[in-house]
Each structure stands twice: as structure tokens, then as C-alpha cells.
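# Structure at a glance
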Amino acid sequence: LNRLTRIASRVPGVLFEFRLYPDGKSAFPYASDAITAMYGGRIQPADVLEDASRVFELIHPDDMEAVAASIQKSAKELTPWHQEYRLKTKKGDERWLLGSSIPERDADGSVLWHGIVSDITERKHSESIVMELNRDFVSFLENTSDFIYFKDRDSRFRFASQTLANITGHVHWRDM
């Protein structure tokens, strides 16, 4: 028990058991101490031992429907649960979390998941930057009057400006 407690305290995320009862009630029979830091000091493991509602209250309102639907789908089909969602913080900013767990049905009809919730905020910010750069690059390729192209090692076109695509008879630079 000491070894497992030590491991759980050092995992970068919240290890948990989540139970959905047949009547729709939910609880976290186990949540590692990391839940306190993950949820900005607003939740202790004991706070959700018999009622998970405090966790759900902190989920961004725009994501709550998707989180609830993903839990219901996982419970119905007994398929792994994987969901990215935002958390509202006290400061008014957002943290992105990724929940992953494996369900099992108990004899009483409830479903019990064992899993982890990780903070993926930095990854989501990086993805956002890459998407913005990609949009800028695409806009450049579509609007420049220059002949620009990139080929891969096998001499296949990877990118070409729209102007170059037009003079070569392609409808769009992505068709080259």
C-alpha cells in the first residue's frame, strides 16, 4: 500500500477510480492527492469520495455536454474513455485536461473506471500556435504572385503557390 501510494503521488496527473451508479449518481472512490493541485486547490480527494459533482462543476460549460456524452458512451459500450476538456480556473483562464480510463461493469450495474487525468495545457497551446502558423502559410501560398514550391526527397510536390499551380494547369496548389 505504501509503495502504491508513493507511486500515485509521483505520477504526473490524477490517478482515479470513477463510479457511475445505475441511478446516475457518480463518485470518485479513489482520487490521488494530485487532484488538489490539478483543480487549483478547490477539491480534495475526500470532497469527491461519495459525490463527483464538485469535479463536474469546474468543467468549462462549453465542454460539459461532450464530457457527459463520452462518459455515457463509455459506460454503455464498456469502451475506454478518452476525453480532452477544459477546466475553469479561479483566475478566469483555462486549463486543458485529458482523461483516459478503462471501464468495467460491477454486479450492481454500476460502471467503475480506473484511469488518469493529465494536464495538457502546454500541448494545446503548442497545437494552437502550429495551426496559426499553418493558416498563415496556406494564406501565403494562396495569395503570393511568386512561383514557390517545395518537393520531398522523391521529387513529389509538397507545396506550391497558387500562381504556380495556375500556370501548370492545376486547379489548386494542393492538387500538385
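Look up: the structure comes first, before these words.
Residues numbered from 1 in each chain as written. Predicted model: local features only at pLDDT ≥ 70, side-chain atom pairs only at ≥ 80, totals over all residues. Heavy atoms only, no water.

### Focus on the pairing of strand β1 (residues 14–20)
Most of β1 sits inside the fold, with 5 of its 7 residues counted as buried. Pairing geometry for β1 and strand β5 (residues 111–119), over 7 bridges, is antiparallel. The residue bridging F16 from the neighbouring strand is G115, located in β5. In this structure, β1 lies alongside strand β2 (residues 26–31), joined through 4 bridges in antiparallel fashion. Note on β2: the bridge partner recorded for L20 is S26. (Buried < 20%, exposed > 50% of the residue type's maximum accessible area, 1.4 Å probe, protein only. Helix = DSSP H or I, 4+ residues; strand = E, 2+ residues; numbered from the N terminus. Pairing = 2+ DSSP bridges.)

### Quick look at the pattern of salt bridges
Summed over all chains, the structure comprises 12 salt bridges. One salt bridge in this structure joins R95 and D119, with 2.7 Å as the shortest N-O distance. Here D119 lies in strand β5 and R95 lies in strand β4 (residues 94–105), a separation of 24 residues in the sequence. R156 is the salt-bridge partner of D154, the closest N and O atoms lying 3.3 Å from each other. By sharing partners, the salt bridges in this structure join E84, R123, K124 and E127 into a single network. (Salt bridge = Lys/Arg side-chain N within 4 Å of Asp/Glu carboxyl O.)

Any functional reading would require information beyond the geometric quantities listed.
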